[in-house]
Amino acid sequence: MEEKKMDQGSKKKHGRKRYSILLVALLLIGVATYGTYAYFTDSKKVDSGLNLKKGSVTLGEFKDANWTYKGNTKEDDQSFTNEKLTFTNPNIEPKNTATTFTNVLPGDTFTKTITIPYTGTAKADITVTMSSQLPEGIAHSFTVTQNNTVTTIDKNEMVLDTISPNETLSFNLTIHIPYGAENDARNTAQSEDLLSSIPDLIQVTATQHLETTK
């Protein structure tokens, strides 16, 4: 009887050990499974949907016409801005369009037109600066045409109306040798390098246009 009790006790102990080992094994499997497959995950990239394209503020290549002899004022220095002058200097050469003229006399008047296209894609503010001065004794008239509006440039620096893409600026410069000019100025006016220095007179600057928020 005692041997049977011992066998039964021994069997129970072995059974408890097997149950303990099995339980530990199941726990280990559970932890391993939980650690590996704890969450379902997914990810996506979201496009901002924003495309930014730069605008531009650009002045195109200017078209520079030659100087044209306009005529002589015959002592009426105030008339040099007239569209057409009645008198001419018979000695001047050439008598129409050129970059150099000879035999220039007091009262002679010359004009030229410079065209600058605006090739930018954004609106811009235009500033015109008189970057240098004409020789002493030389009178001048300087105008710009923008959108069929003529503006007289009478300051060293002027801000014009806002310009839009594909618009054009047309500058007209007229110079005049006054009858009241001193001999030195008249001699300067007859030199070959007088007219060649005048295109540097003008500086045109385009700056991006901004508007105030209402």
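Residues numbered from 1 in each chain as written. Predicted model: local features only at pLDDT ≥ 70, side-chain atom pairs only at ≥ 80, totals over all residues. Heavy atoms only, no water.

1. Here we look at the overall build of the chain
Here is step 1: In terms of regular secondary structure, the chain is built from three helices and 10 strands.
Here is step 2: Moving toward the C terminus, one meets the helices and strands of the chain in the order α-β-β-β-β-β-β-β-β-β-α-α-β.
Here is step 3: Within the chain, contacts between residues at least 6 apart in sequence are counted, and of these 75% link residues at least 24 apart.
Here is step 4: A total of about 15,600 Å² of accessible surface is found on the chain, and carbon and sulfur atoms cover 51% of it. (Helix = DSSP H or I, 4+ residues; strand = E, 2+ residues; numbered from the N terminus. Contact = heavy atoms within 4.5 Å. Areas by Shrake-Rupley, 256 points an atom, 1.4 Å probe, with all protein chains shown as cover.)

2. Points about the side chain of Thr127
Here is step 1: Mapped onto the fold, Thr127 is located in strand E5 (residues 124-130).
Here is step 2: Apart from the residues within four sequence positions on either side, Thr127 is in contact with Glu157, Met158, Val159, Gln203, Val204 and Thr205.

3. Some thoughts on the pattern of salt bridges
Here is step 1: Evaluated as defined, the whole model comprises one salt bridge.
Here is step 2: Between Lys95 and Glu93 there is a salt bridge, with its nearest N and O atoms 3.7 Å apart.
Here is step 3: Using a relative accessible area of 45% as the deciding quantity, one classes Lys95 as partly exposed.
Here is step 4: Residue class for Glu93 comes out partly exposed when judged on its relative accessible area of 40%. (Salt bridge = Lys/Arg side-chain N within 4 Å of Asp/Glu carboxyl O. Buried < 20%, exposed > 50% of the residue type's maximum accessible area, 1.4 Å probe, protein only.)

4. Overview of the confidence of the model for the chain
Here is step 1: Taken over all residues, the pLDDT of the chain has a mean of 77, while the share at 70 or more is 69%.
Here is step 2: In this model residues 188-192 is a low-confidence stretch, pLDDT under 50, and it forms 10 contacts with partners more than four residues away in sequence or in other chains. (pLDDT = per-residue confidence, 0-100.)

5. Quick notes on unusual backbone geometry
Here is step 1: For the bond from Glu93 to Pro94, the omega torsion is -15 degrees, close enough to zero to count as cis.
Here is step 2: When you line up the elements, Pro94 lands in the loop between strand E2 (67-72) and strand E3 (97-98).
Here is step 3: Of note in the backbone geometry, Asn103 takes a positive phi value of approximately 60 degrees without being a glycine.
Here is step 4: Among the secondary structure elements, Asn103 is positioned in the loop between E3 and strand E4 (108-117).
Here is step 5: A positive phi is found at Asn147, a non-glycine position, where the angle reads about 55 degrees.
Here is step 6: Structurally, Asn147 can be placed in the loop between strand E6 (139-146) and strand E7 (149-152).

6. Focus on the sheet that holds strand E10 (residues 202-208)
Here is step 1: With respect to topology, three strands assemble into an open sheet ordered E8-E5-E10, the strand pairing being antiparallel. In this open sheet, the two edge strands, each paired with only one partner strand, are strand E8 (157-159) and E10. Across the sheet, the mean angle from the axis of one strand to that of its neighbour is 20 degrees, orientation sign disregarded.
Here is step 2: For E5 and E8, the ladder comprises three bridges, and the chain directions are antiparallel. Paired with Thr129 across the strands is Glu157, a residue of E8. (Pairing = 2+ DSSP bridges. Axes fitted to C-alpha atoms, helices over the stretch in contact; angles between N-to-C directions.)

7. Regarding the nonpolar core
Here is step 1: Counting residues in each nonpolar core, the largest one holds 29 residues, and the members touching the most others are Phe101, Phe110, Val128, Phe142, Ile153, Leu169 and Phe171.
Here is step 2: Residues in contact with Val128, not counting those within four places in the same chain, are Phe142, Ile153, Asn156, Glu157, Met158, Leu160, Phe171, Ile202 and Gln203. (Core = buried A, V, L, I, M, F, W, Y, C linked by side-chain atoms within 4.5 Å.)

8. A look at the packing of aromatic side chains
The description of an aromatic ring pair uses the distance of the two centres, along with the angle that the planes make with each other.
Here is step 1: For the structure on display, the rule yields three aromatic pairs.
Here is step 2: On the numbers, 5.6 Å between centres and 55 degrees between planes, the contact of Tyr69 with Phe110 is tilted. You can see Tyr69 sitting in strand E2 and its partner Phe110 sitting in strand E4, a full 41 residues away along the chain.
Here is step 3: On the basis of relative accessibility, which here comes to 2%, the residue Phe110 falls in the buried class. (Phe/Tyr/Trp six-rings, centres within 6.5 Å; stacked < 30°, edge-to-face > 60°.)

9. Some remarks on the environment of Lys112
Here is step 1: Looking at the element boundaries, Lys112 is found in strand E4.
Here is step 2: The buried category is assigned to Lys112, whose relative accessible area is 6%.
Here is step 3: Side-chain polar atoms of Lys112 contact the backbone oxygen of Ala65, separated by 3.4 Å. (Polar contact = N/O pair within 3.5 Å; in protein donor to acceptor, adjacent residues only side chain to side chain.)

10. Topic: the side chain of Thr73
Here is step 1: For Thr73, the location among the structural elements is in the loop between E2 and E3.
Here is step 2: Accessibility expressed as a relative area gives 4% for Thr73, which makes it buried.
Here is step 3: Here Thr73 is in contact with Ser79, Phe80, Leu85, Phe87, Gly107, Thr109, His176 and Tyr179, once residues within four sequence places are set aside.

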